[in-house]
Amino acid sequence: MESNPLKGFLPFSKLPSESTDPNNSFPHSMEWFYVSLRDLMTGWNTYNWAPLDAYLNDIASRGNQAAFRVYVDYPGRTTGIPQFLISGGLMTRDYDQNGNHDTATHSLAPDWNDANLNLALRQFVAALGARYDGDPRIGFVTAGLYGFWGEWHTWLYNDGPTNWEMNPGNQDALLSAFKNAFHKTHVLARYPYSASTAALKSSFGYHDDSFSYETLFQNDWDFWSLVTQNGLQNIWQTHPIGGELYPPLQQDPSFWQHWPNPNGEDFQASVETTHASWLMYDRVYKSSLPDETASANALRAHKMLGYTLYNSSVQLADSPASSLQVGVKLRNKGVAPFYYNWPVEFGVLSANDTWIKSLGTATWNLASVQPGDTDYAFSFSANHNLTPGDYKLVMRVVNPLAGGKTLRFANTRQDANRDGWLTLTGFRVSESATTSTVLPDLPVTPGTPSPSGAIAYEAEAPGNTLDGSAVVASCSTCSGGSKVGYLGNGSGTLRFNGVTVPSTGDYTLKIDYLNGEASRTAVLSVNGGAGLPLSFPSSGGWETVASLEKTVHLKAGSNTLLFTQPTGYAPDIDRILVSASPVVSKKQ
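A quick note: this is a predicted structure, and the numbers were derived from the prediction, not measured.

Novice: Explain the overall build of the chain to me, using residue names and the numbers behind them.
Specialist: Assigned secondary structure in the chain consists of 11 helices and 34 strands. Computed over C-alpha atoms, the radius of gyration of the chain comes to 27 Å, within 12% of the 25 Å expected from 2.2 N^0.38 for 588 residues, which places it in the range of a compact globule. Taken along the three principal axes of its C-alpha coordinates, the chain extends 85 × 60 × 45 Å. Taking all contacts inside the chain whose residues are at least 6 apart in sequence as the whole, residues at least 24 apart take part in 72%. Carbon and sulfur atoms make up 50% of the accessible area of the chain, which totals about 23,100 Å². Here the chain contributes 38 positively and 52 negatively charged side chains, and the mean placements of these two sets differ by 8 Å.

This is the structure:
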């Protein structure tokens with residue numbers, strides 16, 4: 001899930017001409033780039049798309065999708081104004097702000113209200129949409145072109161005799177061009193006040209280029225203050241929020257060494273308020289973070305962004321022998337929707353996990369699955385024409401980019417029987433009917449391998465047993481997006497079922513937990529045996545995960561691990577990890 005498509009942190013892409021990718025292994029599924037209008041538009045309604053295609057193809061070759069902006073005026077770079085406009089008499093201005101004279105090349109600011117320039121900009125946007133709207137190589141487009149860096153402002157040249165701003169009529173016309181050109185690919189604008197009508201304002205997502213610094217409500221001009229002032233606080237439900245972690249915070253070595261971050265605005269609060277899906281964070285891909293704590297917190301922040309889809313229920317109706325009817329419920333444990341309705345494909349595996357066939361695809365409204373505790377119901381039916389026997393039904397969301405990153409669900413059944421696929425249920429085909437079957441140790445493979453080689457079992461997995469006051473709660477910092485809380489106090493219990501090991505012996509058990517108090521205790525019973533007392537120090541808060549290790553004796557095959565506490569409350573449990581093989585026995 002760390003590289004799920006169209007969410008999380010993303011780096012600046014390398015130049016297509018460079019042979020070596022400078023970005024390190026920190027997870028990502030998108031890459032960002034700027035491209036000059038001068039390189040793409042060579043005359044009235046004449047274009048050279050090769051520079052843009054070179055970026056898109058290069059990024060796609062790494063399985064990533066692109067987010068990009070076309071600029072006209074980028075301080076410190078060669079002008080992005082098309083030559084035919086300059087030759088036609090377009091007035092330009094040199095300037096020394098924004099580092100424009102810090103390099104040998106200087107950009108030029110055009111007269112943003114020149115009629116020919118505005119006509120050319122609108123022609124370009126129409127052509128861009130005609131060629132690239134819905135292109136699977138593209139995740140998101142930002143409505144650039146106007147202003148420094150294409151950011152829709154001319155600050156410090158926005159007052160009095162040096163007011164270079166584009167007038168409201170031209171801004172509306174340019175935004176309308178983007179609205180009319182893109183019907184499939186989402187476009188993000190910079191400022192909600194750039195449009196004069198509510199209909200135009202609500203046609204875009206929005207981009208915060210100072211995320212976690214000027215995001216919340218400290219000033220009237222802060223990002224979410226402006227969004228709220230313009231009545232767009234729910235725009236994230238249909239249009240994405242993106243941006244860039246404020247560059248000076250990217251350079252701050254202490255930013256991730258504590259949670260919450262000590263400098264800037266609270267990152268988690270910024271994400272939960274704005275429902276941001278993605279952020280440029282180039283620094284983390286170009287250099288190492290100071291220590292393991294910083295790396296863990298940065299990864300936690302990365303996973304917090306965007307959607308987290310979870311399969312909450314599967315129902316397979318009894319049907320005639322050659323047909324199959326399945327109902328699937330999805331829940332979103334993230335902060336934002338998945339904004340595209342990619343196809344959902346169903347497949348069949350044999351009882352021993354051999355691929356049999358695809359059953360085809362369904363077109364579901366995935367973008368309708370809003371964050372929260374609501375289950376969204378979908379259905380699929382097909383004629384399978386399978387011979388009698390036992391099978392497994394699997395499902396995946398198909399990334400339209402060939403070789404693109406896999407969308408993985410927050411279920412332990414994800415990748416359990418086939419990489420890239422979510423196992424839904426077993427079913428049996430007889431001479432007369434197709435019926436649901438119970439797969440052994442639901443979910444099929446309840447544990448998933450962790451980077452350490454241990455097998456991880458999520459507390460909220462549907463195969464576990466929760467009794468009394470125990471509840472599943474959303475937890476953006478937890479490995480699967482959820483935890484189990486309200487354990488103990490003589491009521492709430494959590495039993496992990498189907499903890500499977502290859503042979504009888506002693507195994508290392510690592511318990512990932514959350515505890516905002518000085519200390520909490522619990523009792524662990526393995527396979528109904530005598531209880532083992534456990535003491536859990538503070539993890540640092542109810543959104544901070546810590547770990548406790550113990551050695552437990554397990555039998556070959558399936559085991560149960562029961563957490564109780566007859567007196568006080570136990571900590572919240574994120575997951576357990578069991579070593580893949582026995583260890584040398586040691587005293588408890």
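Novice: Which residues make up the packing of aromatic side chains, and what values go with them?
Specialist: Within the structure shown, the criterion is met by 46 aromatic pairs. Here the aromatic rings of Phe 26 and Tyr 285 are separated by 5.6 Å at their centres, their planes lie at 85 degrees, and the arrangement is edge-to-face. You can see Phe 26 sitting in the loop between β1 (8–10) and β2 (30–36) and its partner Tyr 285 sitting in helix α10 (residues 283–286), a full 259 residues away along the chain. Each of the two residues, Phe 26 as well as Tyr 285, counts as buried. These aromatic residues form a ring-pair network of at least three members: Phe 9, Phe 26, Phe 211, Phe 255, Trp 256, Trp 259, Phe 267, Tyr 281 and Tyr 285. Looking at Lys 333, its charged tip hangs above the ring of Tyr 310, at a distance of 4.4 Å from the centre.

Novice: Give me the lowdown on the sheet that holds strand β33 (residues 557–564), citing residues and values where you can.
Specialist: Sheets are built from strands paired through backbone hydrogen bonds, the pairs being either parallel or antiparallel. Strand order in the open sheet made by the five strands is β25-β28-β33-β30-β31, with antiparallel pairing throughout. Each of the sheet's edge strands pairs with one partner strand only, and the pair in question is β25 (465–467) and β31 (532–537). Across the sheet, the mean angle separating the axes of adjacent strands is 25 degrees when strand polarity is ignored. The pairing of β25 with strand β28 (residues 493–501) spans three bridges and is classified as antiparallel. Paired with Leu 466 across the two strands is Leu 494, which belongs to β28.

Novice: Describe the side chain of His 28, listing the residues and the values that go with them.
Specialist: Topologically, His 28 is positioned in the loop between β1 and β2. A polar side-chain atom of His 28 sits 3.0 Å from the main-chain carbonyl oxygen of Phe 26. Filtering out sequence-adjacent residues up to four positions away, His 28 remains in contact with Ser 3, Phe 9, Leu 10, Pro 11, Asn 64, Tyr 285 and Lys 405.

Novice: Lay out the confidence of the model for the chain in plain terms, naming residues and giving numbers.
Specialist: Should the pLDDT be low somewhere, the predicted coordinates at that spot are not to be read in detail. The share of residues in the chain with pLDDT of 70 or more is 96%, and the mean pLDDT across the chain is 93. The low-confidence segment residues 440–446 (pLDDT under 50) makes 21 contacts with residues lying over four places distant or belonging to another chain.

Novice: Could you give me a rundown of helix α4 (residues 115–132), with the residues and numbers involved?
Specialist: Look at α4: 26 Å from first C-alpha to last across 18 residues, which is about the 26 Å you get at 1.5 Å a residue. Burial in α4 covers these residues: Leu 117, Asn 118, Ala 120, Leu 121, Gln 123, Phe 124, Val 125, Ala 127, Leu 128, Gly 129 and Tyr 132. The opening residue of α4, the one whose side-chain oxygen lies 3.0 Å from the backbone nitrogen of Asn 116, is Asp 114. Residue Gly 134 follows α4 closely and has a positive phi angle near 85 degrees.

Novice: Pulling in residues and values, what's your account of the environment of Val 326?
Specialist: With respect to the helices and strands, the residue Val 326 is situated in strand β16 (residues 323–332). Sequence separation of Val 326 and Trp 32 is 294 residues, and the distance between their C-alpha atoms is 39 Å. Contact partners of Val 326, with chain neighbours within four places excluded, come to Val 314, Gln 315, Leu 316, Phe 346, Phe 378, Ser 379, Phe 380 and Leu 393.

Novice: Can you tell me about the packing of α4 against helix α5 (residues 168–181), naming the residues and giving the values?
Specialist: Direction vectors running N to C along α4 and α5 enclose 15 degrees, while the axes themselves pass 8 Å from each other. If you check the angle between α4 and α5, you find them roughly parallel. Every pair of crossing elements has a handedness; the one defined by α4 and α5 is right-handed. Taking contact as the criterion, the partners of Asn 118, Leu 121, Arg 122, Val 125, Ala 126 and Gly 129 in α4 are, on α5, Asn 170, Ala 173, Leu 174, Ala 177, Phe 178 and Ala 181. Across the contact of α4 with α5, the residue classes break down as eight nonpolar, three polar and one charged.

Novice: Summarise the packing of helix α2 (residues 50–60) against α4; cite the residues concerned and give the values.
Specialist: As a packed pair, α2 and α4 sit with axes 13 Å apart at the nearest point and diverge in direction by 40 degrees. Considered as vectors, α2 and α4 are oriented oblique to each other. The way α2 lies across α4 gives a crossing that is right-handed. Contacts between α2 and α4 pair Leu 52, Asp 53 and Leu 56 from the former with Leu 128, Arg 131 and Tyr 132 from the latter. Looking at the contact of α2 with α4, its residues break down into four nonpolar, no polar and two charged.

Novice: Can you break down the sheet that holds strand β20 (residues 389–397) residue by residue, with the values?
Specialist: Strand order in the open sheet formed by six strands is β15-β22-β21-β20-β17-β18, with antiparallel pairing between adjacent strands. The open sheet has two free edges, formed respectively by β15 (319–320) and β18 (355–362), since each of these has just one partner strand. Both β20 and strand β21 (residues 422–429) contribute to a ladder of seven bridges, which runs antiparallel. Looking at β21, one finds that Val 394 is bridged to Thr 423.

Novice: Account for the nonpolar core, with residues named and values stated.
Specialist: By size, the foremost hydrophobic cluster in this structure holds 78 residues, and its most contacted members are Phe 9, Leu 52, Phe 124, Leu 145, Trp 256 and Phe 267. For this core, the leading source of residues is α4, giving eight residues. Excluding residues that lie within four positions of it along the chain, Phe 267 makes contacts with Phe 9, Phe 211, Ser 212, Leu 245, Trp 256, Trp 259, Asn 261, Leu 279 and Ala 301. Judged by nonpolar contacts, the second largest core, of 44 residues, contains Trp 32, Met 280, Leu 393 and Val 397.

Novice: How would you explain the pairing of strand β29 (residues 505–515) if you had to name every residue and give the values?
Specialist: The element β29 is extensively covered by neighbouring structure, given that nine of its 11 residues are classed as buried. Two elements, β29 and strand β32 (residues 541–554), share 10 bridges in a ladder whose sense is antiparallel. The residue of β32 that forms the bridge with Thr 508 is Thr 551. Here β29 runs beside strand β34 (residues 572–578); their pairing, made up of six bridges, is antiparallel.

Novice: Summarise helix α11 (residues 292–304); cite the residues concerned and give the values.
Specialist: Turn by turn, an α-helix covers 3.6 residues, leaving residues three or four places apart pointing in a common direction. The end-to-end C-alpha separation of α11 is 18 Å, in line with the 18 Å expected for 13 residues at 1.5 Å each. At the C-terminal side of α11, Gly 306 shows a positive phi close to 75 degrees.

Novice: Got a sec to walk through the state of the cysteines? Specific residues and values, please.
Specialist: Formally, a disulfide is one covalent bond, and it connects the sulfur atom of one cysteine to the sulfur atom of another. Inspection of every chain in the model, using the stated rule, returns one disulfide. Put simply, Cys 475 and Cys 478 are joined by a disulfide, and their sulfur atoms are 2.2 Å apart. Because the sign of the S-S torsion sets the handedness, a value of about 70 degrees for the bond joining Cys 475 and Cys 478 places this disulfide among the right-handed ones. Each member of the pair, Cys 475 as well as Cys 478, carries the same accessibility label: buried.

Cut-offs applied
Residues numbered from 1 in each chain as written. Predicted model: local features only at pLDDT ≥ 70, side-chain atom pairs only at ≥ 80, totals over all residues. Heavy atoms only, no water. Helix = DSSP H or I, 4+ residues; strand = E, 2+ residues; numbered from the N terminus. Rg over C-alpha atoms; globule rule 2.2 N^0.38 Å. Contact = heavy atoms within 4.5 Å. Areas by Shrake-Rupley, 256 points an atom, 1.4 Å probe, with all protein chains shown as cover. Lys, Arg positive; Asp, Glu negative; His and termini not counted. Charge placed at Lys NZ, Arg CZ, Asp CG, Glu CD. Phe/Tyr/Trp six-rings, centres within 6.5 Å; stacked < 30°, edge-to-face > 60°. Buried < 20%, exposed > 50% of the residue type's maximum accessible area, 1.4 Å probe, protein only. Lys NZ or Arg CZ within 6 Å of the ring centre and 35° of its normal. Pairing = 2+ DSSP bridges. Axes fitted to C-alpha atoms, helices over the stretch in contact; angles between N-to-C directions. Polar contact = N/O pair within 3.5 Å; in protein donor to acceptor, adjacent residues only side chain to side chain. pLDDT = per-residue confidence, 0-100. Expected span 1.5 Å × (residues − 1). Parallel < 35°, antiparallel > 145°, perpendicular 65-115°, else oblique. Left-handed = near helix turned anticlockwise from the far one by under 90°. Nonpolar A, V, L, I, M, F, W, Y, C, P; charged D, E, K, R; others polar. Core = buried A, V, L, I, M, F, W, Y, C linked by side-chain atoms within 4.5 Å. Disulfide = S-S within 2.5 Å.

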